[in-house]
Amino acid sequence: MFIDERRLKIRAGRGGDGIVSWRREAREPKGGPAGGDGGDGGDVILRADVQLTTFGDMDDMPIARAEDGERGGRNKCSGRAGKDLVVPVPAGTTIYDVESGHRVADLVTDGDLWVAAKGGYGGRGNARFATSTDQAPTRAEEGTPGELRTIRLQLRLLADVGLIGLPNAGKSTLLARLSAATPKIADYPFTTLAPHLGIVHLPEFKRFVLADLPGLIEGASAGHGLGDRFLRHVERTRLLLHLVDPAPMDGSDPIANYHTIRRELEAYGRGLDQRPELVAVTKADVWSADGLAAECCSRLAQEADRDVHLISAVSGEGLRALLVALARALDAAPPAPEVPDRLDDPR
Ligand SMILES: Nc1nc2c(ncn2[C@@H]2O[C@H](COP(=O)(O)OP(=O)(O)OP(=O)(O)O)[C@@H](O)[C@H]2O)c(=O)[nH]1
Ligand SMILES: [Mg+2]
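Everything numeric here is computed off the predicted structure, so don't read it as measured data.

Cut-offs used in this document
Residues numbered from 1 in each chain as written. Chains lettered and ligands numbered in written order. Predicted model: local features only at pLDDT ≥ 70, side-chain atom pairs only at ≥ 80, totals over all residues. Near = placed C-beta within 6 Å. Helix = DSSP H or I, 4+ residues; strand = E, 2+ residues; numbered from the N terminus. Nonpolar A, V, L, I, M, F, W, Y, C, P; charged D, E, K, R; others polar. Buried ≥ 20, exposed ≤ 12 C-beta atoms within 10 Å, placed from the backbone. Pairing = 2+ DSSP bridges. Axes fitted to C-alpha atoms, helices over the stretch in contact; angles between N-to-C directions. Contact = placed C-beta atoms within 7 Å.

Visitor: Report on the site of ligand 1, specifying residues and quantitative values.
Guide: Among the 24 residues in the neighbourhood of ligand 1, the closest are listed as G170, S172, D187, T192 and G215. Put simply, the parts of the chain that give the shell around ligand 1 at least two residues each are α1 (171-178) and α3 (284-287). Top element by residues in the shell around ligand 1 is α1. It accounts for three residues. Looking at side-chain class alone, the shell around ligand 1 contains ten nonpolar, ten polar and four charged residues.

Structure follows, in structure tokens:
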């Protein structure tokens, strides 16, 4: 299952206690202090992993807990330090502290590490407290507790271009045509229930990552259809590719449909409506003959004041020109803005 948000309690290991003990040797009944130090507690560390695309694997982890340090031993032996717990998370995971609501880390690159909770320190044993005036200290320290906190993980997929459009517009079909991805395709709305990524190869060894999102509908920002929660996954993209069906099955007007999606982007906020956008009218193989597709293109170009491409993911028409335009637009596009530095709904 695709899970892109979750809460996680984390607890670092406690430091082991230092101990009080005495050296015992033959003919030396009252040896000096020999209590060892406790070991430090283990840290809980989150690590970005590009192989992961969901938090689904973390389901059976109600609390992420690192090992405690061991108690000190006799003969000045230190206790063993607790092992760190390394929790892999998908690359693109943003971490918020639930209590403060603040962003505390954003793990984007494979292997990025973040210490989520620091282990406690081991206490010193009595051997450490011997001085010239006190050669038999009876004092040892307890270990300190490890950090305990609750965090919220939010995933924003790492993609360069985000595919948006109404259900059935042809988003998944295009992703499948341009990349090796194999999303489910069908002639009914809401076929795609989770975002999919594909890598699109361009000439000269260039490439970009294309994200296919579940279809949006009017009122998505108010929770209609699948809602707008998947729009979070285009937040890191630098470019939107907006697909428009020139002759939707429900008889709706393609231009009105285009504006519906634009309104949802605006309602979502986070500057998504300012993101550079390319528009493509799909299914040219079906609707070119009677001029319907071309008419839709010219109306859209006028209304939206953008270049509009006419494509078919089935026949391949217009795809080469679209890729050239995408590559150019990507070169010119500014970097995606930072992810939010606060949770809007800390819970
Ligand atoms: N003839 C033709 N059919 C297409 C083309 N692109 C998509 N289709 C068809 O349109 C229907 C919907 O395509 P999808 O790719 O599943 O649409 P989607 O936008 O991903 O839809 P959701 O996942 O429901 O949001 C399918 O029956 C496709 O076969 C095209 O270029 N030509
Ligand atoms: Mg789809």
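Once the structure has been displayed, the description carries forward.
Visitor: Tell me about the environment of C297, and name the residues and values.
Guide: Note on placement: C297 falls in helix α4 (residues 292-304). The buried category is assigned to C297, around which 22 C-beta atoms lie within 10 Å. As a C-alpha pair, C297 and P246 span 51 residues in sequence and 8.3 Å in three-dimensional space.

Visitor: Describe the sheet that holds strand β10 (residues 196-201), and please don't skip the residues or the numbers.
Guide: The strand order across the open sheet formed by six strands is β10-β11-β9-β12-β13-β14, and the pairing between neighbours is mixed. Only two strands of the sheet have a single partner each, and these edge strands are β10 and β14 (308-310). Neighbour-to-neighbour, the strand axes of the sheet open up by a mean angle of 25°, direction not taken into account. Each of β9 (161-164), β11 (207-212), β12 (239-244), β13 (277-281) and β14 touches helix α5 (residues 319-332); the most contacted strand, β13, lies at about 170° to it.

Note that every value here comes from positions in space, so none of it alone points to a role or purpose.
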